[in-house]
Amino acid sequence: MIRALLYDTVSGHLEEGERELVKNWKQDEKKLLWLDLADESEEVAKQLLCGELDLHPLAVQDALRDRHPPKVEDFGDYSFLLFKGLSRVSESLDFTTLQLALFVGKRLLVTRRSAESRSVNQLWEEIRQNASRMANGPAILALRLTRIMVGHYLQLILGLEPRLEELEEEILAHPRDEILGELSGYKTELKKLRRIFVYHQQVFSMLKTRTFSGFGEEVTHELNDVYEQQVRAGSLTELYYELAADLIDSYISIASHHLNQIMKILTIITAIFVPLSFLAGIYGMNFE
């Protein structure tokens with residue numbers, strides 16, 4: 001799927017279409033273009049990105065991969081960013097990620113995703129409802145997209161807190177093996193999230209401290225906002241990861257305490273019956 005939004009900064013007119021809008025964008029320097037690609041063939045994507053838009057082949061190659069660590073690179077006329085976004089079906093901590101690539105220039109924003117993205121679709125609809133959002137430029141749109149993306153991550157993370165509180169009460173009242181399995185699953189997923197946020201924070205830290213094409217001083221406040229949200233998401237992930245680990249340790253401690261109580265009872269019973277068994281063994285022997 002290839003779709004495009006073409007915005008005229010003079011008239012404020014927004015046109016929606018496909019790759020044919022690239023030609024119109026090239027002919028008028030007062031127009032801004034957002035090109036969104038997904039599920040297209042590698043040949044078509046390279047022809048469009050490398051051929052028509054003259055993007056660097058190595059950046060396009062990274063954008064077309066299904067898996068690659070998040071990063072940011074400057075290619076002179078534009079910046080290339082890679083993120084790990086949430087797929088459209090991710091509504092619980094048992095989430096799936098997608099690779100989201102962004103090419104950010106002065107008049108151009110290109111997004112390439114490996115699957116359906118709620119964040120991209122949400123921003124697309126926002127612009128369709130209010131075309132003036134594109135007037136702020138591709139960098140603001142890119143930062144708005146990443147802000148929506150981290151917001152979806154925060155929804156998943158904050159939704160875990162009530163469940164962890166319930167599990168804490170269940171451990172004290174009725175500990176069972178299913179709780180341990182659920183906590184172990186949460187711990188694994190939170191570890192994945194923690195790794196993602198470490199990468200994302202590194203990307204935004206570089207954007208804050210270095211100069212990248214397309215990201216000028218006019219986007220400082222938006223950049224700081226996204227960075228702070230990434231830090232918040234990373235901190236919450238670390239907090240809930242440690243909480244899940246503590247609950248696992250608590251479960252093991254309670255299970256060990258119950259086992260010690262059982263062993264204590266068995267030891268008392270054994271201490272009572274061992275002398276009797278000893279006497280029965282002696283007097284049960286067949287000799288004078």
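Residues numbered from 1 in each chain as written. Predicted model: local features only at pLDDT ≥ 70, side-chain atom pairs only at ≥ 80, totals over all residues. Heavy atoms only, no water.

Q: Would you mind showing me how to read a negative patch on the surface here?
A: Residues Glu 161, Glu 165, Glu 168 and Glu 169 make up a contiguous surface patch of negative charge. Mapped onto the elements of the fold, Glu 161 is located in helix 6 (residues 160-173). (Patch = residues over 30% accessible without salt bridge, like charges linked within 9 Å, V, L, I, M, F, W, Y side chains within 5 Å. Areas by Shrake-Rupley, 256 points an atom, 1.4 Å probe, with all protein chains shown as cover. Salt bridge = Lys/Arg side-chain N within 4 Å of Asp/Glu carboxyl O. Lys, Arg positive; Asp, Glu negative; His and termini not counted. Charge placed at Lys NZ, Arg CZ, Asp CG, Glu CD. Helix = DSSP H or I, 4+ residues; strand = E, 2+ residues; numbered from the N terminus.)

Q: Looking at this model, I keep getting lost on the sheet that holds strand 3 (residues 31-38). Mind explaining?
A: Picture the strands of a sheet paired through backbone hydrogen bonds; they go either parallel or antiparallel. Reading across from one edge, 2-1-3-7-6-5-4 is the order of the seven strands in this open sheet, with mixed pairing throughout. Pairing within the sheet leaves two strands with one partner each, and these edge strands are strand 2 (14-17) and strand 4 (71-74). Taken pair by pair, the neighbouring strands of this sheet meet at an average axis angle of 15°, ignoring direction. In this structure, strand 3 lies alongside strand 7 (residues 108-113), joined through six bridges in parallel fashion. Bridge pairing links Leu 35 to Val 110 in strand 7. Strands strand 4, strand 5 (78-86), strand 6 (97-105) and strand 7 of the sheet are contacted by helix 3 (residues 57-64), whose axis makes an angle of about 155° with strand 6. (Pairing = 2+ DSSP bridges. Axes fitted to C-alpha atoms, helices over the stretch in contact; angles between N-to-C directions. Contact = heavy atoms within 4.5 Å.)

Q: Hey, could you run me through unusual backbone geometry in this one?
A: Although it is not a glycine, Asp 54 sits at a positive phi angle of roughly 60°. Along the chain, Asp 54 falls in the loop between helix 2 (42-52) and helix 3. Exposure remark for Asp 54: the relative accessible area of 61% places this residue in the exposed category. (Buried < 20%, exposed > 50% of the residue type's maximum accessible area, 1.4 Å probe, protein only.)

Q: Teacher, can you tell me more about the pattern of salt bridges here?
A: Any two side chains of opposite charge can pair, so long as their charged atoms come close to each other. Inspection of the entire model under this criterion finds 19 salt bridges. Here Arg 128 makes a salt bridge to Glu 16, at a shortest N to O gap of 3.3 Å. Placement of the pair is Arg 128 in helix 4 (residues 118-129) and Glu 16 in strand 2, with a sequence separation of 112 residues. Residue Glu 16 is classed as partly exposed on the basis of its relative accessible area, which comes to 43%. The closest approach of N and O atoms between Asp 36 and Arg 113, which form a salt bridge, is 2.6 Å. Of the two residues, Asp 36 is situated in strand 3 and Arg 113 in strand 7; the sequence distance between them amounts to 77 residues. With relative accessibility at 0%, the residue Asp 36 sits in the buried group. Residue Arg 113 is classed as buried on the basis of its relative accessible area of 0%.

Q: What's the story with the environment of Gln 122 in this structure? I'm lost.
A: On the secondary structure map, Gln 122 appears in helix 4. The class for Gln 122 is partly exposed, based on a relative accessible area of 32%. Gln 122 sits 27 residues away from Met 149 along the chain, and the two C-alpha atoms are 9.7 Å apart. Residues within four places of Gln 122 in sequence aside, it is in contact with Arg 144, Ile 148 and His 152.

Q: Help me understand a nonpolar patch on the surface in this model?
A: Taken together, the side chains of Leu 259, Ile 262, Met 263, Ile 265, Leu 266, Ile 268, Ile 269, Ile 272, Phe 273 and Leu 276 make up a nonpolar region of the molecular surface, amounting to roughly 970 Å² of accessible area. Looking at where Ile 268 falls in the secondary structure, it is placed in helix 8 (residues 220-283). By relative accessible area, Ile 268 is classed as partly exposed at 47%.

Q: What should I look at first to understand the nonpolar core in this one?
A: What tends to happen in soluble globular proteins is that the nonpolar side chains get buried as a cluster. One finds Trp 34, Leu 81, Leu 102, Leu 207 and Phe 215 to be the most contacted residues of the largest nonpolar core, which totals 60 residues. The element contributing the most residues to this core is helix 5 (residues 138-158), with 13 residues. Discounting residues that sit within four places of it in the chain, Leu 81 has contacts with Lys 71, Val 72, Leu 100, Ala 101, Leu 102, Val 104, Val 203, Leu 207 and Phe 215. Ranked by size, the runner-up nonpolar core spans 25 residues in total, among them Leu 6, Trp 25, Leu 35 and Phe 80. (Core = buried A, V, L, I, M, F, W, Y, C linked by side-chain atoms within 4.5 Å.)

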